[in-house]
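Chain residues, written in single-letter form:
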Amino acid sequence: MKTAISIVLGILFLAAISAGGWLFVDSLLKADPGITAAVIGAIAVMVGGIWSHYSSRRREINSRHFIEKKNAYMRLVDLIFDLFKSVKGEGEVPESEMMSRLFDFKRELMVWGDGAVINALSLYEITSADLAGQDDPSESLLVVDDLLRAIRRDLGHNDSGLKRGSLVGMLLISDDREKLLSKKLQRSGNDQ
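In this report, the structure presented in the accompanying data block is examined.

Definitions and limits used
Residues numbered from 1 in each chain as written. Predicted model: local features only at pLDDT ≥ 70, side-chain atom pairs only at ≥ 80, totals over all residues. Heavy atoms only, no water. Core = buried A, V, L, I, M, F, W, Y, C linked by side-chain atoms within 4.5 Å. Buried < 20%, exposed > 50% of the residue type's maximum accessible area, 1.4 Å probe, protein only. Helix = DSSP H or I, 4+ residues; strand = E, 2+ residues; numbered from the N terminus. Contact = heavy atoms within 4.5 Å. Patch = residues over 30% accessible without salt bridge, like charges linked within 9 Å, V, L, I, M, F, W, Y side chains within 5 Å. Areas by Shrake-Rupley, 256 points an atom, 1.4 Å probe, with all protein chains shown as cover. Salt bridge = Lys/Arg side-chain N within 4 Å of Asp/Glu carboxyl O. Expected span 1.5 Å × (residues − 1). Phe/Tyr/Trp six-rings, centres within 6.5 Å; stacked < 30°, edge-to-face > 60°.

1. Structural notes on the nonpolar core
- In this structure, Leu 76, Ile 80, Phe 84, Phe 105, Val 117 and Leu 147 are the most contacted members of the largest nonpolar core, which totals 25 residues.
- Only helix H2 (33–88), helix H3 (95–112), helix H4 (115–131), helix H5 (138–154) and helix H6 (166–169) provide two or more residues apiece to this core.
- If you tally residues by element for this core, the top one is H2, at seven residues.
- Ile 80 has contacts with Val 144, Leu 147, Leu 148 and Leu 171, leaving out every residue within four places of it along the chain.

2. Details of a nonpolar patch on the surface
- A cluster of nonpolar side chains, Phe 24, Val 25, Leu 29, Ile 43, Met 46 and Val 47, forms an exposed patch at the surface whose accessible area comes to about 580 Å².
- Among the secondary structure elements, those contributing two or more residues to the nonpolar patch are helix H1 (2–30) and H2.
- Note that Phe 24 resides in helix H1.

3. Comments concerning H2
- Helix length check: H2 (56 residues) gives 79 Å between terminal C-alpha atoms against 82 Å at 1.5 Å per residue, within 8%.
- Those residues of H2 that fall on the buried side of the exposure criterion are Thr 36, Ser 55, Ile 61, Lys 69, Ala 72, Tyr 73, Leu 76, Val 77, Leu 79, Ile 80, Phe 84 and Ser 86.
- Taken from the residues just after H2, Gly 89 is the one with a positive phi, measuring 85°.

4. Structural notes on the packing of aromatic side chains
- All told, the structure shown has two aromatic pairs when counted by the stated rule.
- On the basis of an interplanar angle of 40° and a centroid distance of 5.6 Å, the ring pair of Trp 51 and Tyr 54 is categorised as tilted. With Trp 51 and Tyr 54 both in helix H2, this residue pair falls three residues apart, about one helical turn.
- Overall, Trp 51 belongs to the exposed group, its relative accessible area being 57%.
- Ring geometry for Tyr 73 against Phe 105: centres 6.5 Å apart, planes inclined by 50°, an arrangement best described as tilted.

Written as structure tokens, this is what we have:
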């Protein structure tokens, strides 16, 4: 019963707005051209002011969000660098600390992160679990690269000129980069 009343009231409201709009336009067309121009000008100023306020507010919100995103993403990038250093034997970070840092990042990602970054992190975790213990880490490296690209895209970078694997390749010495990534990149195509 309440739904039927809501529908009827909604239809009546739309009909009243439409009738009022029609009467306004009809009287505007019949009015003196000077008055018509003044009314159209006033409407344009109001719409412009509302749009300007909306755009300004949107930029302000995006600016505040950008700072939080940047800080959260830097924590993940630091974690990735520490993980690579650990694998290279340049500094051991306990697994419990890594997991704690990753959990803290996920908490921030839930609030500030873009959906593409969340999906890329989930894909990385699934892929890493599926590929654990395999001799060829290249697929995991490419998924890390996809994660880094999603982060950069969310921060406003245009990485269309970068080949897939370029970002994670920066963390590898040239021999490792060539050995681990070149075959995968040839099979998957250079860009993504």
